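Inside the fold
Read off the chains here:
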Amino acid sequence: MSLLKLLIFHPIFMLSAFIGTADGYYEYMTSECVYSTSDYSDMVYLNSFSFNKVVDVQFNSTVGKYVGYTEEGVKHAENFNKDPAILQQQKAAVDTFCRHNAQIWDSSVRDKTEKPEVTLSSVKQAEGRHPAVLMCSAYDFYPKKIKVYWLRDGKLMTSEVTSTMELADGDWYYQIHSELEYTPKSGEKISCVVEHASSTQPIVKDWNPSMPEVNRNKIAIGSSGLVLGIIIAAAGLIYYKKKSSGRILVPN
Ligand SMILES: *[C@@H]1O[C@H](CO)[C@@H](O)[C@H](O)[C@H]1NC(C)=O
């Protein structure tokens, strides 16, 4: 069994041989499934052998045989195409490997959605033309595709909006941030709207210009602490006064 023939039966195989200390060779085989339809009608299976990043020989299921792209590759393609067992296996792979795995993959990962956690907050601005800056953030959503926009009394706001790209968290989830600079008017309603595959209804966060709950809580905790501190200090002082007044000082 030749080395390349052996590789065919191992879906993922990497071989690197090193000569000396700096230079090396890198030979690898990849099996790819390329598709963009949900019924897999356009599924293409590719089996490529590469040496130092150059594809030598490749099986493409649309073509139905191996094609060599280098002098070496042409020879390998010839050998592979002569072997009915290899060809039969490769031709079947678009179903047995690609469509089979795509189904499992899509239902367990690609078709899953995770609803974003949307927060709306006021942020300090550097030197904008408008006095107020709001930040709308959506966290931990999947898939990547998302729409974030601003409404003022139900009307779309387009100017003075700056958004980041969808940022990959590195754990399959994404986050995105949108900033709105504006001049507040009394009685108006500013909302951040998020549209995502995880929710049939848009997620709407209305801006409440009064103090956010987090700040209210911080102030409540802070003042409770202050009151408690004063009480303890007063009690300590009273105790000290009582003790010192009750003591008879005896000179040594
Ligand atoms: C596979 O082969 C078909 C037909 O030659 C070609 O149109 C297609 O681009 C190839 N696919 C890839 C990913 O190389």
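Please refer to the structure higher up on the page.
Everything quoted here is computed from the prediction, not taken from an experiment.

**Some details on the overall build of the chain**
Within the chain, the regular secondary structure consists of four helices and 14 strands. Scored against the burial criterion, the 252 residues of the chain give a buried share of 27%. The long-range fraction of contacts in the chain, counting pairs at least 24 apart against all pairs at least 6 apart in sequence, stands at 50%. Per element, the accessible surface of the chain, about 17400 Å² overall, is 58% carbon and sulfur.

**Some details on unusual backbone geometry**
In this chain, Tyr142 is followed by Pro143 through a cis amide linkage whose omega measures 5 degrees. Relative to the helices and strands, Pro143 resides in the loop between strand E7 (132–141) and strand E8 (146–152). Although it is not a glycine, Lys53 sits at a positive phi angle of roughly 75 degrees. Mapping Lys53 onto the fold places it in the loop between strand E3 (44–51) and strand E4 (54–60). Unusually for a residue other than glycine, Asp140 sits at a positive phi of about 55 degrees. Structurally, the position occupied by Asp140 is in strand E7.

**Some words on the state of the cysteines**
Tallied over the full model, the rule gives two disulfides. Between the sulfur of Cys33 and that of Cys98 lies a disulfide, 2.2 Å long from S to S. Of note, the bridge from Cys33 to Cys98 carries an S-S torsion of about -80 degrees and is left-handed in sense. Placement of the pair is Cys33 in strand E2 (residues 24–34) and Cys98 in helix H3 (residues 84–110), with a sequence separation of 65 residues. Owing to a relative accessible area of 1%, Cys98 belongs among the buried residues under this scheme. In this model, Cys136 is linked to Cys192 through a disulfide, with the two sulfur atoms separated by 1.9 Å. Disulfide Cys136-Cys192: torsion about the S-S bond near -75 degrees, hence left-handed. Placement of Cys136 in strand E7 and of Cys192 in strand E13 (residues 190–196) is noted, with a sequence separation of 56 residues between them. Of the two residues, Cys136 and Cys192, neither departs from the other in class, the shared state being buried.

**Quick word on the pairing of E3**
Within E3, seven of the eight residues are buried, leaving the element largely enclosed by the surrounding structure. Where E2 and E3 come together, eight bridges link them in antiparallel fashion. Each residue of the ladder has a partner; that of Ser31, found in E3, is Asn47. One ladder, built from six bridges, connects E3 with E4; its direction is antiparallel. Among the inter-strand pairings, Phe49 is bridged to a residue of E4, identified as Val57. Two successive antiparallel strands, E3 and E4, enclose a turn made up of two residues, where Asn52 displays a positive phi of approximately 50 degrees.

**Considering the site of the ligand**
Around the ligand lies a shell formed by Leu46, Asn60, Thr62 and Val63. Contact between the ligand and Asn60: an oxygen atom at 2.3 Å from a side-chain N or O atom of the residue. Classifying every residue of the shell around the ligand by side-chain character gives two nonpolar, two polar and no charged.

**Looking at the environment of Lys144**
With respect to the secondary-structure elements, Lys144 resides in the loop between E7 and E8. Considered as a pair, Lys144 and Trp172 are 28 residues apart in the sequence and their alpha carbons are 8.9 Å apart. Those residues within four positions of Lys144 in sequence are excluded, and the remaining contacts are Glu166 and Tyr174.

**Structural notes on the environment of Leu134**
Within the secondary structure, Leu134 is located in strand E7. Accessibility expressed as a relative area gives 2% for Leu134, which makes it buried.

**Section: the nonpolar core**
Counting 22 residues, the largest nonpolar core has Trp150, Tyr182 and Ile190 as the members making the most contacts within it. For this core, the elements supplying multiple residues, two or more each, are strand E6 (117–122), E7, E8, strand E12 (174–182) and E13. By residue number, the principal contributor to this core is E7, which donates five residues. Aside from chain neighbours lying at most four places away, what touches Tyr182 is His130, Pro131, Ala132, Leu134, Arg152, Met157, Glu188, Ile190 and Trp207. Val57, Ala77, Val94 and Ala102 belong to the second largest nonpolar core, which has 16 residues in total.

Criteria and thresholds
Residues numbered from 1 in each chain as written. Predicted model: local features only at pLDDT ≥ 70, side-chain atom pairs only at ≥ 80, totals over all residues. Heavy atoms only, no water. Helix = DSSP H or I, 4+ residues; strand = E, 2+ residues; numbered from the N terminus. Buried < 20%, exposed > 50% of the residue type's maximum accessible area, 1.4 Å probe, protein only. Contact = heavy atoms within 4.5 Å. Areas by Shrake-Rupley, 256 points an atom, 1.4 Å probe, with all protein chains shown as cover. Disulfide = S-S within 2.5 Å. Pairing = 2+ DSSP bridges. Near = heavy atom within 4 Å. Polar contact = N/O pair within 3.5 Å; in protein donor to acceptor, adjacent residues only side chain to side chain. Nonpolar A, V, L, I, M, F, W, Y, C, P; charged D, E, K, R; others polar. Core = buried A, V, L, I, M, F, W, Y, C linked by side-chain atoms within 4.5 Å.

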